[in-house]
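Given next are the chains, with one letter for each unit.
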Amino acid sequence: MDVFLAEPRGFCAGVIRAVSVVRNTLAQYGAPVYVRHEIVHNKHVIAELEKAGAVFIENLNEIQDLNRPVIFSAHGVPLSVTEEAKQRGLTVIDATCPLVSRVHQQIRKYADRKLPVIVIGNAGHPEIIGTAGQLPDGYPLRIISSKAEAEALDFSADEEIGMVTQTTLSVDDTAEITAYLQKRFSKLVAMKAGDICYATTNRQKAVKALAQKTDTIIIIGSANSSNSRQLKETALKAGAAEALLIDDAGDLDWKKLENCARLGISAGASAPEYLVEGLLDNLRRHYDKIKIHKLIIAEEKVSFKI
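Participant: If you had to explain the overall build of the chain to someone new, which residues and values would you point to?
Facilitator: Of regular secondary structure, the chain possesses 10 helices and 13 strands. Scaling as 2.2 N^0.38, a compact globule of 306 residues should have a C-alpha radius of gyration of about 19 Å, and the chain matches this with 21 Å. In terms of its C-alpha atoms, the chain occupies a principal-axis envelope of roughly 65 × 55 × 30 Å. Looking at the chain as a whole, 52% of its 306 residues qualify as buried. The distance from the centre of the 37 positive side-chain charges to the centre of the 38 negative ones in the chain is 5 Å.

Structure (structure tokens):
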């Protein structure tokens, strides 16, 4: 079997920073350390950190010892959560991805100008909850995730409107929605560089390239990871005959590979590299010979200070 490894893949700078924040906090304060929501969406990472003493919660009222620090996840939090933490006197360590924080700053700028706001993203995702939560209740805000929802917007065509997007969406789908909004709303205001993060963009480009060279593509990542799910969808839309999203090699249905001679592998931005290595080890045990090829579409040098 020929195996093509997408590069870049796996951990992005924001995930590296967030996971490091939890480990450093445990080293400084000792266990337990509370983390509001999963620090990143990967079950293996969460299990490792829980073993080290991290306690994952969804609400601050779950904290039993107010003297222990609480970490905000990479997805960011609404302003109401920040205010609640202050009222409870909690020691807060913010692991929000800097690229998500940039979106938060942008949407607050729109509010300062009193612009209505369109958010492209999945309404129930914690990142969007955090982004929308930068604005007060009752603010003229609409969250959409499709062109059909964009067509149903009730804003006036000639008013100035701010727009932000979730950082982990499909690049192509978001571009389609954005193009429609720009055509419909002539005074639409958006970030010049766009909101979808470099890691999401690069990983989707790499998977598109995999789809041109391989029969089947495996994406390593957890089902609740938006960027991992988007990689699977990107593979299928780019022409892959089969795309599988698995947490690790143990989830793989080997029957899916029976007629596969050229296999592509990538990993979501919250999936650690050792999961890729584990999959490769399993492939070596199942096949007499595998040949590894690197498919490099970008070199990432981004890092975020802690």
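Read on, since the account is not over.
Participant: Describe in detail the sheet that holds strand 13 (residues 291-296), supporting the description with residues and values.
Facilitator: Strand order in the open sheet made by the five strands is 11-10-12-1-13, with parallel pairing throughout. Only two strands of the sheet have a single neighbouring strand rather than two, namely strand 11 (242-246) and strand 13. Looking at each pair of strands side by side, their axes are set apart by 25 degrees on average, direction ignored. Relative to strand 13, strand 1 (residues 2-7) runs parallel, the two sharing six bridges. Paired with E7 across the strands is I296, a residue of strand 13. Sheet contacts for helix 9 (residues 226-237): strand 10 (216-220), strand 11 and strand 12 (262-267); angle to strand 11, the most-contacted strand, approximately 170 degrees. Across the sheet, helix 10 (residues 273-286) is in contact with strand 1, strand 10, strand 12 and strand 13; its angle to strand 12 comes to roughly 160 degrees.

Participant: Kindly report on the pairing of strand 6 (residues 117-120), identifying the contributing residues and their values.
Facilitator: Along strand 6, one buried face is formed by V117 and V119 and the opposite face, lined by I118 and I120, is buried too. When strand 6 meets strand 7 (residues 141-144), the two strands line up parallel, connected through four bridges. Bridge assignment links I118 to a residue of strand 7, and that residue is R142. Between the parallel pair strand 6 and strand 7, the chain is carried across by helix 5 (residues 126-132), and the sense of this crossover is right-handed. Sheet topology note: the strand 6/strand 8 (residues 161-165) ladder contains four bridges and is parallel. Of the residues in strand 8, the one forming a bridge with V117 is G162.

Participant: Which residues make up the nonpolar core, and what values do they have?
Facilitator: By size, the foremost hydrophobic cluster in this structure holds 25 residues, and its most contacted members are V22, V35, I39, V40, L49, F56 and I71. Elements represented by at least two residues in this core include exactly helix 1 (13-29), strand 2 (33-36), helix 2 (43-52), strand 3 (54-57) and helix 4 (98-112). Ranked by residue count, the leading element in this core is helix 1, at six residues. With sequence-adjacent residues up to four places away left out, I39 is seen in contact with A18, V19, V22, I46, L49, F56, I71, F72, S73, A74, H75 and A95. The next biggest cluster of nonpolar side chains, apart from the first, holds 21 residues, and it includes V3, L244, I265 and L279.

Participant: Can you lay out unusual backbone geometry for me, pointing to particular residues and giving the numbers?
Facilitator: In the segment running from E7 into P8, the intervening peptide bond is cis, with an omega of 5 degrees. With respect to the helices and strands, P8 occurs in the loop between strand 1 and helix 1. Of note, the bond from A31 into P32 is cis; its omega dihedral lies within 30 degrees of zero at 0 degrees. You will see that H37, though not glycine, has its phi angle at about 70 degrees, which is positive. Structurally, H37 is set in the loop between strand 2 and helix 2. For K114, which is not glycine, the phi torsion reads 60 degrees and is therefore positive. Mapped onto the elements, K114 comes out in the loop between helix 4 and strand 6. Given the relative accessible area of 69%, K114 is considered exposed.

Participant: Mind laying out the pairing of strand 8, listing which residues take part and the relevant values?
Facilitator: Of all the five residues making up strand 8, five are buried; the element is thus mostly covered by neighbouring parts of the structure. A two-sided burial pattern is seen for strand 8, the buried positions comprising I161, M163 and T165 on one face and G162 and V164 on the other. Bridge count for strand 8 against strand 9 (residues 188-189) is two bridges, and the pairing is parallel. Bridging from a neighbouring strand, I161 pairs with L188 of strand 9. Assessed by its sense of winding, the connection that carries the chain from strand 8 through helix 7 (residues 171-184) to strand 9 is right-handed.

Participant: Please provide a residue-by-residue account of helix 1, values included.
Facilitator: An ideal rise of 1.5 Å per residue puts 24 Å on 17 residues; helix 1 measures up with 24 Å between its terminal C-alpha atoms. Looking one or two residues beyond helix 1, the residue adopting positive phi is G30, at roughly 80 degrees.

Calculation criteria
Residues numbered from 1 in each chain as written. Predicted model: local features only at pLDDT ≥ 70, side-chain atom pairs only at ≥ 80, totals over all residues. Heavy atoms only, no water. Helix = DSSP H or I, 4+ residues; strand = E, 2+ residues; numbered from the N terminus. Rg over C-alpha atoms; globule rule 2.2 N^0.38 Å. Buried < 20%, exposed > 50% of the residue type's maximum accessible area, 1.4 Å probe, protein only. Lys, Arg positive; Asp, Glu negative; His and termini not counted. Charge placed at Lys NZ, Arg CZ, Asp CG, Glu CD. Pairing = 2+ DSSP bridges. Axes fitted to C-alpha atoms, helices over the stretch in contact; angles between N-to-C directions. Contact = heavy atoms within 4.5 Å. Right-handed = clockwise from strand over helix to strand, strands pointing away. Core = buried A, V, L, I, M, F, W, Y, C linked by side-chain atoms within 4.5 Å. Expected span 1.5 Å × (residues − 1).

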